[in-house]
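Descriptive analysis of the structure
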Amino acid sequence: MTDAADLRRRTAELLATHPPKTTDRLDFLRARFDAGLAWVHFPEGLGGLDAPRSLQAVVDAELAAAGAPDNTPSRIGIGLGMAAPTLLCYGTEEQKQRFLRPLWTGEEVWCQLFSEPGAGSDLAALATRAVRDEDGDWVVDGQKVWTSSAHLARWAILVARTDPAVPKHQGLTYFVCDMTDPGVDVRPLRQITGEAEFNEVFLSGVEIPDAHRLGAVGDGWQVARTTLMNERVAIGGARSAREGGMIGVAAAAWRDRPELRTHDLHQRLLTFWVEAEVARLTGERLRQQLTKGQPGPEGSGMKLAFARLAQQISGWEVEFLGEDGLAYDDWTLRRPEGVDFTGREAGYRYLRAKGNSIEGGTSEVLLNIVAERVLGLPPEPRTDKDVAWKDLPR
């Protein structure tokens, strides 16, 4: 069993053979992966050591103290938080060997081709079709939307309909899609922030080899659930220090601008501070539970809390700062590599937080998940679950 002392020894060996000051950044990241120090809970040979997930913090602390480069997780969050756990759970050995290393090092960015204009928050109703050709491979046609980082991505995790004659949850299959295929057309979606962080993606005759299928044909919904549960943990359960994230920015503004303080604003800030700390500690408990297996529906509750707090805190900050809170640096259309909730101005945070209750599962859908799968309340009536997808009204 690998313990903290063993991980410190392995990390010291990595730093000795690949000094961060003299080693190329990508070479260092590749060496870290090969040493099993990328994500220590992954299997040996796939960037890990079969160690407890909680020991990752030991490695990260040692490397940070040595000034070692990281893999810019904010840029490759979809790959790290969604694609990698799904590949680990459902991928073949060949798929794991091919995709996981460049995914973790950031050499290959991933995006998520799930949401569609006609399916709304009902992902299982998606209409993108994958049809098998005479060679046993697949040809995909359809449209996806709200695709973060599609303009940067080399690969995508894709859910498509392979059998329209069965109920909607049963006729889906999960694929890895090559975003350089000539049939993939990525178009920017300008957001309220002025940026085009999201995209719409049109798929026209995109060819996907059967070797890039994850899970069995028709088992795409089950595979997608693994992705979605990990996504919600990645969004809502990210590790942070006390008074980290947006509550830290708001608290700093309160301390720096005493002339703007009022009793009402103080009381609301205190409430948000307590709720943010409760959410942080709940996230720590959730991560401890993850050491025993895949995330469950509890991650939906964390994502709900994250979205609500982000919108409330950013609204408070704009109100507190008054006219200064309305300032905005640049409305020029940009296609950023990630989201920065703490490094930009209050106006950006306020506008960008509006998307938190939509992305990664709408708050309304997540409330249903918490009600039914966490609290055990009766499910809402659903008349379409046993109807063939092709017979559903659209």
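Scroll up to find the structure this text is about.
Attention in this report is confined to the structure presented alongside it. The residue numbering used here restarts from 1 in each chain and proceeds along that chain's sequence as written. Local features in a predicted model are, by the rule used here, given only for residues with pLDDT of at least 70; side-chain atom pairs are given and counted only at 80 or more, and totals for whole chains, interfaces and linings are based on all residues. With hydrogens and water excluded, all non-hydrogen atoms of the structure serve as input to the side-chain values.

**A word on the overall build of the protein chain**
Stated precisely, the cut-off is as follows: We count a stretch as a helix when DSSP gives it H or I for four or more residues in a row; a strand needs E for two or more, and each element gets its number in order from the N terminus. Just to be clear, the radius of gyration here is over C-alpha atoms, and the globule rule we use is 2.2 Å times residues to the power 0.38. The contact rule is simple, with two residues in contact once any of their heavy atoms fall within 4.5 Å. Computed with a 1.4 Å probe, the accessible areas rest on the Shrake-Rupley method; for each residue, only the protein chains presented here act as cover. Counted as positive: Lys and Arg. Counted as negative: Asp and Glu, with His and the chain ends omitted from the count. Charge positions are represented by NZ for Lys, CZ for Arg, CG for Asp and CD for Glu.
Looking only at helices and strands, one finds eleven helices and eight strands in the protein chain. Here the C-alpha atoms of the protein chain give a radius of gyration of 22 Å, agreeing with the 21 Å that 2.2 N^0.38 yields for 394 residues. Principal-axis analysis of the C-alpha atoms places the extent of the protein chain at approximately 70 × 55 × 45 Å. In the protein chain, 70% of the contacts between residues at least 6 apart in sequence involve partners at least 24 apart. Roughly 18500 Å² of accessible area belongs to the protein chain as shown, and the carbon and sulfur atoms make up 53% of that amount. Side chains of the protein chain give 46 positive and 57 negative charges; the mean places of these two sets differ by 4 Å.

**Regarding the packing of helix α4 (residues 77–90) against helix α5 (residues 93–105)**
What counts is decided by this rule: Axis geometry follows a simple rule: fit a line to the C-alpha atoms, using only the stretch in contact for helices, then measure angles between N-to-C directions, giving values from 0 to 180 degrees. These descriptions rest on fixed angle ranges, namely under 35 degrees for roughly parallel, over 145 for roughly antiparallel, 65 to 115 for roughly perpendicular, and the rest for oblique. Put simply, a crossing is left-handed when the front helix is turned counterclockwise from the back one by less than a right angle, and right-handed when it is turned clockwise. Each residue is assigned to one class: nonpolar for Ala, Val, Leu, Ile, Met, Phe, Trp, Tyr, Cys and Pro, charged for Asp, Glu, Lys and Arg, and polar for all the others, Gly among them.
The interhelical angle for the contact between α4 and α5, taken along N-to-C directions, is 165 degrees, at an axis separation of 10 Å. In terms of orientation, α4 lies roughly antiparallel with respect to α5. Classified by chirality, the crossing of α5 by α4 is left-handed. Two secondary-structure elements touch here, α4 through Gly-79, Leu-80, Ala-83, Ala-84, Leu-87, Leu-88 and Tyr-90 and α5 through Gln-95, Lys-96, Phe-99, Leu-100, Leu-103 and Trp-104. Grouping the constituent residues of the contact of α4 with α5 by class yields ten nonpolar, two polar and one charged.

**Focus on the pairing of strand β1 (residues 110–113)**
If a strand is regular, its side chains alternate between the two faces of the sheet. Applicable threshold: With a 1.4 Å probe rolled over the protein chains alone, any residue whose accessible area is under 20% of its type maximum counts as buried; one over 50% counts as exposed, and the rest are partly exposed. Note on pairing: two strands pair once DSSP finds at least 2 bridges between them.
Here β1 shows no split at all, with Trp-110 and Gln-112 on one side and Cys-111 and Leu-113 on the other all buried. In terms of strand pairing, β1 meets strand β4 (residues 155–161) through four bridges, oriented parallel. What sits directly across from Trp-110, in β4, is Trp-155.

**Re the packing of aromatic side chains**
Applied cut-off: Here a Phe, Tyr or Trp ring, Trp counted by its six-membered ring, pairs with any other such ring whose centre lies within 6.5 Å, and the pair is stacked when the planes are under 30 degrees apart, edge-to-face when over 60, and tilted otherwise. When the NZ atom of lysine or the CZ atom of arginine is within 6 Å of a ring's centre and also within 35 degrees of its normal, the charge is said to sit over that ring.
In total, this model carries 13 aromatic pairs according to the counting rule given. When the ring of Phe-306 is compared with that of Phe-341, the centres are 6.4 Å apart and the planes differ by 75 degrees; the resulting orientation is edge-to-face. Taken together, the residues Phe-306 in helix α9 (residues 298–321) and Phe-341 in the loop between α9 and α10 (346–352) connect sequence positions 35 residues apart. By the ring-pair criterion, three or more aromatic residues cluster together here, those being Phe-33, Trp-39, Phe-42 and Trp-104. Arg-154 extends its terminal NZ or CZ atom over the ring of Trp-155, reaching a point 4.1 Å from the ring centre. Between the NZ or CZ atom of Arg-344 and the centre of the ring of Tyr-348, over which it lies, the distance is 4.0 Å.

**Quick notes on helix α1 (residues 4–17)**
For the α-helix, the turn length of 3.6 residues means that residues three or four positions removed from each other point alike. Formally: Each helix should span, by expectation, one fewer than its residue count multiplied by 1.5 Å.
Its 14 residues place the ends of α1 20 Å apart at the C-alpha level, agreeing with the 20 Å of an ideal helix rising 1.5 Å per residue. Regarding α1, the residues found buried are Asp-6, Leu-7, Thr-11, Leu-14 and Leu-15. Looking at the packing, one finds that the buried side of α1 touches α2 (25–34) and α3 (56–65).

**Re the pattern of salt bridges**
Side chains bearing opposite charge may pair, as long as their charged atoms lie close to each other. Applicable threshold: Criterion for a salt bridge: a side-chain nitrogen of Lys or Arg within 4 Å of a carboxyl oxygen of Asp or Glu.
Considering all chains together, one arrives at 33 salt bridges under this definition. Close ionic contact of Asp-185 with Arg-187 constitutes a salt bridge, the shortest N to O distance being 2.8 Å. Here Asp-185 falls in the partly exposed class, since its relative accessible area comes to 30%. Between Arg-257 and Glu-259 there is a salt bridge whose closest N-O contact spans 2.6 Å. Residue Arg-257 is classed as partly exposed on the basis of its relative accessible area, which comes to 25%. The class of Glu-259 is exposed, set by a relative accessible area of 53%. Because the salt bridges share partners, they merge into one network encompassing Asp-6, Arg-9, Arg-10 and Glu-13.

**Considerations on the packing of α9 against helix α11 (residues 363–374)**
Where α9 contacts α11, the two axes come as close as 9 Å, and the packing angle between them is 145 degrees. Handedness of the α9/α11 crossing: left-handed. Seen from α9, the contacting residues are Glu-298, Ser-300, Gly-301, Lys-303, Leu-304 and Ala-307; seen from α11, they are Ser-363, Leu-366, Leu-367, Ile-369, Val-370 and Val-374. For the contact of α9 with α11, the per-class residue count stands at seven nonpolar, three polar and two charged.

**As for the nonpolar core**
Inside soluble globular proteins, nonpolar side chains tend to come together where they are buried. This is how it is decided: Definition used in this section: a nonpolar core is a set of buried Ala, Val, Leu, Ile, Met, Phe, Trp, Tyr and Cys residues joined via side-chain atoms within 4.5 Å.
Residues Trp-39, Leu-100, Leu-103, Trp-110, Phe-114 and Tyr-174 are the most contacted members of the largest nonpolar core, which totals 32 residues. Secondary structure elements with two or more residues in this core: α2, α4, α5, β4, β5 (172–178) and α6 (220–236). The dominant element in this core, judged by the number of residues it contributes, is α4, at six residues. Setting aside its immediate chain neighbours within four residues, Phe-114 contacts Leu-123, Leu-126, Lys-144, Ile-157, Leu-158, Val-159, Tyr-174, Ala-224, Thr-227 and Leu-228.

**Focus on the pairing of strand β2 (residues 129–132)**
Summarising the sheet, β2 and strand β3 (residues 138–144) pair through four bridges and their orientation is antiparallel. Counted as the bridge partner of Val-131 is Val-139 from β3. The turn joining β2 and β3, which pair antiparallel and follow one another in sequence, is formed by five residues; a positive phi near 90 degrees is taken by Gly-136.

**A few points about unusual backbone geometry**
Even without being a glycine, Asp-50 presents a positive backbone phi close to 60 degrees. Here Asp-50 lies in the loop between α2 and α3. Judged by relative accessible area, Asp-50 falls into the partly exposed class, the value being 48%. One non-glycine residue, Ser-149, lies in positive phi territory at about 65 degrees.

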